[in-house]
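Residue strings, one per chain:
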Amino acid sequence: MFGQAELGIDLGTANLLVYSKDKGIIVNEPSVVAIDQQTRKVLAVGSDAKEMIGKTPGRIVATRPMKDGVIADFDITSEMLKGLMRKAGKELGLNLRKPTVVVCVPSGATSVEKRAIEDAIKSSGAKEVHLIEEPVAAAIGADLPVEEPIANLIVDIGGGTTEVAIISYGGIVTCNSIRLAGDKLDEDIVLYIKKTYNLLIGERTAENIKMEIGYALIEHEEQKMAVRGRDLLTGLPKTIEVSSYEIQKAIKEALLTILETIRTTLETCPPELSGDIVDRGVVLSGGGALIKGMQEWISREIIIPVHLAPNPLESVAIGTGRSLHVLKALQKAKS
């Protein structure tokens, strides 16, 4: 019976994940929707829509309705959620009708942005919607003891936002959220290749470059990669070779901004909790945590151990699903 179904949703800028307490991650799809601009009809969502990016006729546009972790286009986000909830129902072998949903929101989201997320989830068929701050969800998903009076420092580098939070006793002690993360690194790579080589590349190509030869600010053995794009001078297709040193240079400024956010958070940490952080270290989650050398670089810069979450890409979704019992316990305590 569906009335008892409980789902956790990570409504990310880059990917949307749905977590079920019985089956774990049941949906992991890009947050992309393909729409017909003339009819405003949704043609595809998730992976099917991402495949269309840059390859469709003029009237069909593949778009991301989420920006910086919040909803940029309400109607399209609602349609995307409906499509992905149907996929979740198929995975569970159920006809999803009124699930209880916990969804994460960036800690810096405004009340209007939070309401938009809540309304979009409800319009996709949810009975109850609970919101949880992204850093708390990431920490729960990374198996940190968030309910204990111990400082847990989590750095969640997502697609649209980077969240740095110190969590203790079930809540956020101090947190800094910046709207700069994986998407900004991709943009910087596109811009660098455009300026240096007069070559225009798409966001998918930039993301591939970042994953293949993107490095944090550490010394490493040079790697090279062939990159295809459109020559801005001739208008013709062209292939160039780029070096991992060049990509490191392209994303340097954004990485330093993330590092500065971590430092700022540490500076505002209460002295009683600083000792815990020195002992326990920092936990990295989110797709940005997988950039080569990220762990080593941050550890070297802040002189504190840095650990990778068990499933960096899935931490927030897992934590969102697991937080259901925490919310219920809190509600019982209040009543």
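Each value, and the rule that gives it
- Residues numbered from 1 in each chain as written.
- Predicted model: local features only at pLDDT ≥ 70, side-chain atom pairs only at ≥ 80, totals over all residues.
- Heavy atoms only, no water.
- UniProt positions renumbered as here; feature names shortened; annotations may be inferred.
- Helix = DSSP H or I, 4+ residues; strand = E, 2+ residues; numbered from the N terminus.
- Rg over C-alpha atoms; globule rule 2.2 N^0.38 Å.
- Buried < 20%, exposed > 50% of the residue type's maximum accessible area, 1.4 Å probe, protein only.
- Areas by Shrake-Rupley, 256 points an atom, 1.4 Å probe, with all protein chains shown as cover.
- Lys, Arg positive; Asp, Glu negative; His and termini not counted.
- Charge placed at Lys NZ, Arg CZ, Asp CG, Glu CD.
- Expected span 1.5 Å × (residues − 1).
- Contact = heavy atoms within 4.5 Å.
- Pairing = 2+ DSSP bridges.
- Axes fitted to C-alpha atoms, helices over the stretch in contact; angles between N-to-C directions.
- Right-handed = clockwise from strand over helix to strand, strands pointing away.

As recorded in an unreviewed UniProt entry, the protein goes by Cell shape-determining protein MreB and comes from Bacillus kandeliae. If you open the UniProt record of the protein and go to Subcellular location (unreviewed entry), you find "Cytoplasm". Taken verbatim from the UniProt record of the protein, the Sequence similarities (unreviewed entry) comment is "Belongs to the FtsA/MreB family."

1. Quick word on the overall build of the protein
Counting its secondary structure elements, the protein contains ten helices and 18 strands. Against the 2.2 N^0.38 benchmark of 20 Å for 335 residues, the protein shows a C-alpha radius of gyration of 21 Å, consistent with a compact globule. When its C-alpha atoms are laid out on the principal axes, the protein stretches across 70 × 55 × 30 Å. Classification of the 335 residues of the protein by burial places 52% in the buried group. Accessible surface, the protein as shown: approximately 15700 Å² in total, 49% of it carbon and sulfur. Across the protein, the centroid of the 39 positively charged side chains sits 7 Å from that of the 45 negatively charged ones.

2. A look at helix α5 (residues 182–197)
The end-to-end C-alpha distance of α5 is 22 Å, a good match for the 22 Å that 16 residues give at a rise of 1.5 Å each. For α5, the complete set of buried residues consists of G182, D183, L185, D186, D188, I189, V190, Y192 and I193. In the core, the buried residues of α5 are packed alongside β14 (199–200), α6 (203–213), β16 (237–243) and α7 (244–267). Note on α5: the residue one or two positions beyond its end, N198, has a positive phi of about 55°.

3. What about the pairing of strand β3 (residues 24–30)?
Note on strand geometry: in a regular strand, side chains alternate between the two faces of the sheet. Within β3, five of the seven residues are buried, leaving the element largely enclosed by the surrounding structure. Note that strand β2 (residues 15–20) and β3 share six bridges and pair antiparallel. Of the residues in β3, the one forming a bridge with L16 is E29. Counting the residues that bridge the hairpin from β2 to β3 gives three residues.

4. Side note on the sheet that holds strand β15 (residues 224–231)
The strand order across the open sheet formed by three strands is β14-β15-β16, and the pairing between neighbours is antiparallel. The strands lining the two open edges of the sheet, one partner per strand, are β14 and β16. Summarising the sheet, β14 and β15 pair through two bridges and their orientation is antiparallel. By the bridge assignment for β15, L199 is matched with D231. Where α6 meets the sheet, it contacts β15 and β16, and its direction lies at approximately 170° from that of β15.

5. Describing unusual backbone geometry
Positive phi is not limited to glycine here, since R40 has a value of about 60°. Looking at the element boundaries, R40 is found in the loop between β4 (33–36) and β5 (41–45). With a phi angle near 55°, N198 is a residue other than glycine that sits in the positive phi range. Positionally, N198 belongs in the loop between α5 and β14.

6. What to know about the sheet that holds strand β11 (residues 152–157)
Strand order in this open sheet of five strands is β13-β12-β11-β17-β18, and the pairing throughout is mixed. If you trace the sheet from one side to the other, it starts and ends with β13 (171–178) and β18 (306–308), each paired once. Across the sheet, the mean angle separating the axes of adjacent strands is 20° when strand polarity is ignored. Alignment of strand β12 (residues 162–168) against β13, held across seven bridges, turns out to be antiparallel. Within the sheet, the bridge partner assigned to A165 lies in β13 and is C175. On top of the sheet, α7 reaches β11, β12 and β13; it is set at about 155° to β13, its chief contact.

7. Things to note about the pairing of strand β10 (residues 128–133)
Sheet analysis places strand β9 (residues 100–105) next to β10, joined by six bridges and oriented parallel. By the bridge assignment, T100 is partnered in β10 with E128. With helix α3 (residues 111–123) bridging β9 and its parallel neighbour β10, the resulting β-α-β unit is right-handed.

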